[in-house]
Amino acid sequence: MNLTGNTIFITGGGSGIGRGLAEALHAKGNQIIISGRRKAALAEVVAANAGMDSIELDVESLDSIKSVATTLTAKYPKLNVLINNAGIMKDDVVDFPIDDTIASSIITTNLLGPIRMTSALIEQLKAQPAAAVITVTSGLAFTPLARTAVYSATKAALHSFILSQRYLLKDTNVRILELAPPYVQTELGGEHQLTDPNAMPLGAFIDETVQVLGTDADEVNVKGVAMLRNNVGPDEYAFFSKFNDMMSGR
Ligand SMILES: NC(=O)c1ccc[n+]([C@@H]2O[C@H](COP(=O)([O-])OP(=O)(O)OC[C@H]3O[C@@H](n4cnc5c(N)ncnc54)[C@H](OP(=O)(O)O)[C@@H]3O)[C@@H](O)[C@H]2O)c1
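To keep things clear, this report deals only with the structure shown in the data block. Please read all numbers here as calculations on a predicted model, not as lab measurements.

1. So, the packing of aromatic side chains
Each aromatic ring pair is described using two quantities: the centre-to-centre distance and the angle formed by the ring planes. What the rule picks out here adds up to 1 aromatic pair. Ring geometry for Tyr237 and Phe240: centres 5.5 Å apart, planes at 45 degrees, overall tilted. Here Tyr237 pairs with Phe240, and both are found in helix α8 (residues 236-247), just 3 residues apart, close to one helical turn. You can call Phe240 buried: its relative accessible area is 18%.

2. Describing the packing of helix α4 (residues 100-126) against helix α5 (residues 149-168)
Contact geometry for α4 and α5: axes closest at 9 Å, N-to-C directions at 15 degrees. Comparing the axis directions of α4 and α5 gives the class roughly parallel. By crossing handedness, the relation of α4 to α5 is classed as right-handed. For the pair formed by α4 and α5, the contact residues are Ala103, Ile106, Ile107, Asn110, Leu111, Pro114, Ile115 and Thr118 on the first element and Val150, Tyr151, Thr154, Lys155, Ala157, Leu158, Phe161 and Gln165 on the second. Partitioned by chemical class, the residues of the contact of α4 with α5 number 11 nonpolar, 4 polar and 1 charged.

3. Some details on the pairing of strand β2 (residues 31-36)
Within β2, 5 of the 6 residues are buried, which leaves the element mostly enclosed by the surrounding structure. Sheet analysis places strand β1 (residues 7-11) next to β2, joined by 5 bridges and oriented parallel. Each residue of the ladder has a partner; that of Ile10, found in β2, is Ile34. Each parallel crossover has a hand, and the one from β1 via helix α1 (residues 16-27) to β2 is right-handed. Regarding topology, helix α2 (residues 39-48) serves as the crossover connection from β2 to the parallel strand β3 (residues 53-56), and that connection is right-handed.

4. Observations regarding the sheet that holds β3
Within a beta sheet, neighbouring strands are joined by backbone hydrogen bonds and run either parallel or antiparallel to one another. Across the sheet, which stays open at both edges, the 6 strands sit in the order β3-β2-β1-β4-β5-β6 with parallel pairing between neighbours. The sheet is open, and its two edges are formed by β3 and β6 (174-179), each paired on a single side. On average, each strand axis in the sheet is inclined to that of its neighbour by 15 degrees, with strand direction left out of account. Here 3 bridges tie β1 to strand β4 (residues 81-84), and the two strands are oriented parallel to one another. Its bridge partner being in β4, Ile8 is matched across the sheet by Val81. Here α2 sits on the sheet in contact with β2 and β3, set at roughly 175 degrees to β3. Running at roughly 175 degrees to β4, α4 makes contact with β1, β4, β5 (131-136) and β6 of the sheet.

5. Quick word on the packing of α1 against helix α6 (residues 202-213)
Contact pair α1 / α6: the axes reach a minimum separation of 10 Å and the direction vectors enclose 55 degrees. Considered as vectors, α1 and α6 are oriented oblique to each other. By crossing handedness, the relation of α1 to α6 is classed as right-handed. Of the residues in α6, those in contact with Gly16, Ile17, Gly20, Leu21, Ala24 and Leu25 of α1 are Leu202, Phe205, Ile206, Thr209, Val210 and Leu213. Class assignment of the residues belonging to the contact of α1 with α6 gives a composition of 9 nonpolar, 3 polar and no charged.

Calculation criteria
- Residues numbered from 1 in each chain as written.
- Predicted model: local features only at pLDDT ≥ 70, side-chain atom pairs only at ≥ 80, totals over all residues.
- Heavy atoms only, no water.
- Phe/Tyr/Trp six-rings, centres within 6.5 Å; stacked < 30°, edge-to-face > 60°.
- Helix = DSSP H or I, 4+ residues; strand = E, 2+ residues; numbered from the N terminus.
- Buried < 20%, exposed > 50% of the residue type's maximum accessible area, 1.4 Å probe, protein only.
- Axes fitted to C-alpha atoms, helices over the stretch in contact; angles between N-to-C directions.
- Parallel < 35°, antiparallel > 145°, perpendicular 65-115°, else oblique.
- Left-handed = near helix turned anticlockwise from the far one by under 90°.
- Contact = heavy atoms within 4.5 Å.
- Nonpolar A, V, L, I, M, F, W, Y, C, P; charged D, E, K, R; others polar.
- Pairing = 2+ DSSP bridges.
- Right-handed = clockwise from strand over helix to strand, strands pointing away.

In structure tokens form, the structure reads like this:
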């Protein structure tokens, strides 16, 4: 996609990958609007990037999504890119009775959130000369991490949703992109992840991602996610088991 002159709305731009993308795309001459629940995190990013804007959003709430979409489209009539980035990961082991509050929250945030956010903005995007929806899934959409079963399932479902959306919008000016990160140094899985040497450094991830974003690829994937992404076919369970043995130190 063209990486300059866009008006880009990012969910969850106050930290991690959302913040990284916001700052990299801001530096390339795009109007960026970030969002999230933590006012202080949003204010910090906006203060560090003159001209960037922010809006409070809770993607678990349909009312919040609708009200943000109304405010955004009134203030930014040229809004043409939506980045569905907000997401949560919690340990949600499924070999014990599951905590229903946690499971519901993960599904509402990670799956219903992007579905509802896209729905609220789709007509706005269709009215633009060139538009895109970029949804952040995960390498775990393709090879689940067993100890985050519900999280992995939301990302797999999101991948499926994206395929349908891309097909239905193929003759329009709205491109549907998927960004499936590998394990990256953010706070997604807790503070320890920020410095975990097994995770890809955030800066390197953002640099490579923005490079791929500037191409015609529908899947904006860095090379490091290929092992997980390319795992499909009849040997899937064997590969999945090997991956999970490795992740649980077996
Ligand atoms: N880091 C990785 O290893 C990795 C790998 C694969 C995929 N991903 C995906 O990358 C995306 C970004 O995660 P990250 O790694 O950058 O972690 P992060 O730093 O924890 O960022 C998650 C962002 O989502 C926002 N968010 C969470 N719940 C929200 C809600 N209900 N409403 C609005 N915003 C909400 C958070 O902002 P507030 O708390 O302020 O609301 C936060 O800024 C997620 O979709 C994640 O699943 C990450």
